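Inside the fold
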Amino acid sequence: MLELFSVPIHKRKLNLNLDEMVKYCLSIKRKTKSVNISNQGGWQSPPLQGDHLVLNSLFIEILKAAEQYRKIISYKYPLKLVNLWINVNGYKDYNVEHIHANSVLSGAFYLTSNNSDIVFINPSSKFINYEWGNNVIENYNEYNSPVWSIKPLENDLLLFPGWLSHRVEPNLSKKNRISISFNLAR
């Protein structure tokens, strides 16, 4: 079978010191007011500015993964990290469906193990259900699904196209779900 119009999602397990990063993220949360972009409840930092030495190892890993992704999609120009922010979702907090405009790639790094799913929406989802709805599909897979969920674990790094619509399901754990999201562009 010829596979046309694939949407690559890059998932990589890292081995970073999460305790230090979690403390750092929570210290920023204590002294910074939340912005409201896609979050419903929860706390989202404004884009981080300046040096963040605790996160340097993460920056290096993001750029390595982005370089691999760039080569796979044959993107001409090197990518750089253009912005980055922290997300802390408490019990029942979630993020509504959104895209990351003006970015070639977007992604998230997960600092906790109790992560709710990130749900990616098939770009054809508005049409795919006409003839391929759940009343005729036996098992959803990467060819026929209108949405695809990934349950990230701690130390997971995800990269995806900035134009790919996605949402985060409610955190049903009593523990905070902590992630760092970012955008890459040329």
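All values derive from a computational prediction rather than experimental measurement.

1. Quick notes on the pattern of salt bridges
- In this structure the tally under the stated criterion is eight salt bridges.
- Salt bridges here are not isolated pairs; linked through shared partners, they connect Lys 11, Lys 13 and Asp 156.

2. Things to note about the side chain of Asn 171
- Residue position: Asn 171 is located in the loop between strand E10 (166–168) and strand E11 (177–185).
- Side-chain polar atoms of Asn 171 contact the backbone oxygen of Asn 89, separated by 2.9 Å.
- Only 2.9 Å separates the side chain of Asn 171 from the backbone oxygen of Lys 175, close enough to count as a polar contact.
- Dropping the residues within four chain positions of it, Asn 171 is found in contact with Asn 89, Gly 90, Tyr 91, Lys 92, Asp 93, Asn 114, Ser 116, Asn 176 and Arg 177.

3. Quick look at the sheet that holds strand E5 (residues 94–98)
- Reading across the sheet, the five strands line up as E2-E5-E10-E7-E8 and stay open at both edges, with antiparallel pairing between neighbours. Single-partner strands in this sheet number two, and they are strand E2 (39–40) and strand E8 (147–150).
- In this structure, strand E7 (residues 118–121) lies alongside E10, joined through three bridges in antiparallel fashion. Across the sheet, residue Ile 118 finds its bridge partner in E10, namely Val 168.

4. Some points on the sheet that holds strand E9 (residues 156–161)
- Here we have six strands laid out as an open sheet, ordered E1-E9-E6-E11-E4-E3, and antiparallel in their pairing. Because the sheet does not close on itself, it has two edges, and the strands there are strand E1 (10–13) and strand E3 (43–44).
- Summarising the sheet, strand E6 (residues 105–110) and E9 pair through five bridges and their orientation is antiparallel. The residue bridging Leu 105 from the neighbouring strand is Pro 161, located in E9.
- The sheet strands contacting helix H2 (residues 56–72) are E1, strand E4 (80–89), E6, E9 and E11, and the helix crosses E9 at an angle near 40°.

5. Points about the pairing of E4
- Relative to E4, E3 runs antiparallel, the two being bridged by two bridges. Bridging across to E4, Trp 43 finds its partner in Val 88.
- In this structure, E4 lies alongside E11, joined through nine bridges in antiparallel fashion. Each bridged residue has a counterpart across the sheet, and for Val 88 the counterpart in E11 is Ile 178.

6. Observations regarding H2
- The terminal C-alpha atoms of H2 lie 25 Å apart, and with 17 residues this matches the ideal 24 Å at 1.5 Å per residue to within 8%.
- Residues Leu 58, Phe 59, Glu 61, Ile 62, Ala 65, Ala 66, Tyr 69 and Arg 70 constitute the buried set of H2.
- Lining the buried residues of H2 we find E1, helix H1 (18–31), E4, E6, E9 and E11.
- Note on H2: the residue one or two positions beyond its end, Ser 74, has a positive phi of about 60°.

7. Points about the side chain of Asn 155
- You can see Asn 155 is positioned in the loop between E8 and E9.
- Here Asn 155 is in contact with Arg 12, Lys 13, Leu 14, Asn 15, Leu 16, Leu 18, Phe 109 and Tyr 110, once residues within four sequence places are set aside.

Rules behind the numbers
Residues numbered from 1 in each chain as written. Predicted model: local features only at pLDDT ≥ 70, side-chain atom pairs only at ≥ 80, totals over all residues. Heavy atoms only, no water. Salt bridge = Lys/Arg side-chain N within 4 Å of Asp/Glu carboxyl O. Helix = DSSP H or I, 4+ residues; strand = E, 2+ residues; numbered from the N terminus. Polar contact = N/O pair within 3.5 Å; in protein donor to acceptor, adjacent residues only side chain to side chain. Contact = heavy atoms within 4.5 Å. Pairing = 2+ DSSP bridges. Axes fitted to C-alpha atoms, helices over the stretch in contact; angles between N-to-C directions. Expected span 1.5 Å × (residues − 1). Buried < 20%, exposed > 50% of the residue type's maximum accessible area, 1.4 Å probe, protein only.

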